[in-house]
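# Summary of the model geometry
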Amino acid sequence: LRVYNQLREALSENQLRLYYQPQHLLKTGELMGAEALVRWQPPGKMLVGPHSFIHIAEESELIWDIGCWVLQEACKTFVKWQSEGLRLPEISVNISARQFAQEEFVDFITEVLDKTGMDAGYLNLEITESMLVSHVETTISKMNELKKLGIRFSIDDFGAGYSSLAYLKRLPVDELKVDRSFVRDIPHDRRNMAIVETIIAMAQHLGFSVTAEGVETHQQRDFLTHRGCLFYQGFLVSKPLSAEAMRHYMQEHL
Ligand code: G
Ligand code: G
Ligand code: MN
Ligand code: NA
């Protein structure tokens, strides 16, 4: 409850921050996008990562308010970058299951796009497998409505949750993100390597692109490139950056 109250205050006192982790094309190294990742900056304290508070927010309606802030902030920042000539091809925003499940979700997205002047064609939403398990029909119809606007979808942490291949073939998804836990032990764990290869192959057959998360070594990058993975993010190329640091990063890499 204490954290809950502090989080409420974090929102009202403007203590949340967005960081951006660059995403690159494996083949050429081109900068292709960035994932927005929320942080909490309590005054006079260390920056707090989402692992310490997102699950608490997800137990209440607070996740809706945080999610609203994140989406608005990401769109506002992206539009500002564009106006400065920094043409990032895409921005990805994490959406929690509880946020997506709200009846107003589609209206809310439409409103944010309107208000910020964000072109939906640049927006990718990352959803987790868990939200696909319940209310499949509603989920698919909401996704289709948003896709009509030009928004794309990734399944985040793919393979780590309860994916059902039966749903996967029906979902209007554009991309799978291979969970960091499978990438971490390349090239030492043959089983994880087999899983990564299989996810990439399956995604190709289904017409999805693949982003690998948590790439930390050249060996991991080479393995993924040779297996046909398209995009990657991870400490090898860059940790998540503040908006200001991301601006400099784009000036160097775009
Ligand atoms: O930045 P970090 O790797 O610590 O993020 C950990 C996880 O927290 C991410 O994989 C993501 O699932 C979640 N997360 C980060 N930012 C957001 C956000 O803005 N909204 C939601 N719902 N989850 C986020
Ligand atoms: O969406 P997701 O929960 O996967 O967010 C990715 C999280 O992983 C972010 O919190 C980010 O800080 C962290 N992260 C990003 N790249 C790496 C990496 O290469 N290695 C590790 N260990 N963590 C990473
Ligand atoms: Mn993510
Ligand atoms: Na992830």
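Our structure's up above, just so we're on the same page.
Criteria and cut-off values
- Residues numbered from 1 in each chain as written.
- Chains lettered and ligands numbered in written order.
- Predicted model: local features only at pLDDT ≥ 70, side-chain atom pairs only at ≥ 80, totals over all residues.
- Helix = DSSP H or I, 4+ residues; strand = E, 2+ residues; numbered from the N terminus.
- Rg over C-alpha atoms; globule rule 2.2 N^0.38 Å.
- Buried ≥ 20, exposed ≤ 12 C-beta atoms within 10 Å, placed from the backbone.
- Expected span 1.5 Å × (residues − 1).
- Near = placed C-beta within 6 Å.
- Nonpolar A, V, L, I, M, F, W, Y, C, P; charged D, E, K, R; others polar.
- Core = buried A, V, L, I, M, F, W, Y, C linked by C-beta atoms within 7 Å.
- Contact = placed C-beta atoms within 7 Å.

## Topic: the overall build of the chain
When helices and strands are tallied, the chain shows twelve helices and nine strands. Over its C-alpha atoms the chain spans a radius of gyration of 18 Å, differing by no more than 12% from the 18 Å that the globule rule assigns to 254 residues. Considered along the principal axes of its C-alpha atoms, the chain spans approximately 45 × 45 × 35 Å. In the chain, which comprises 254 residues, the share counted as buried stands at 35%.

## What about helix α5 (residues 105-116)?
With twelve residues, α5 extends 17 Å between its outermost C-alpha atoms, agreeing within 8% with the 16 Å of an ideal straight helix rising 1.5 Å per residue. Looking at the residues trailing α5, positive phi occurs at G117, about 75°.

## Here we look at the environment of E197
Tracing the sequence through the fold places E197 in helix α10 (residues 190-206). The class of E197 is partly exposed, set by 17 C-beta atoms lying within 10 Å. C-alpha of E197 to C-alpha of R227: the two residues are 30 residues apart in sequence and 6.3 Å apart in space.

## Thoughts on the site of ligand 1
In the vicinity of ligand 1, the residues found are L37, V38, G49, P50, H51, I54, V70, N94, S96, D156 and P240. Partitioned by chemical class, the residues of the shell around ligand 1 number six nonpolar, four polar and one charged.

## Observations regarding unusual backbone geometry
Note that the residue after I186, namely P187, is joined by a cis bond; omega there is 5°. By the secondary structure assignment, P187 is in the loop between α9 (180-183) and α10. A positive phi is found at N14, a non-glycine position, where the angle reads about 60°. Position of N14 among the secondary structure elements: in the loop between α1 (2-12) and β1 (16-25). For D157, which is not a glycine, the phi torsion comes out positive at approximately 50°.

## Quick notes on the site of ligand 2
Close contacts around ligand 2 come from 14 residues, with G214, E216, G234, F235 and P240 the closest. Tallied by class, residues from the shell around ligand 2 come to four nonpolar, five polar and five charged.

## What about the environment of G67?
Within the element layout of this structure, G67 appears in helix α3 (residues 62-83). Separated by ten residues in sequence, G67 and A57 have C-alpha atoms that sit 9.7 Å apart.

## Some remarks on the nonpolar core
The biggest cluster of nonpolar side chains holds 59 residues, and the ones touching the most others in it are A74, V178 and V210. When residues in this core are grouped by element, the largest group, eight residues, is from α3. Apart from residues no more than four positions distant in its own chain, A74 is found in contact with L18, A36, I91 and V93.

None of this, on its own, says anything about what the molecule does.
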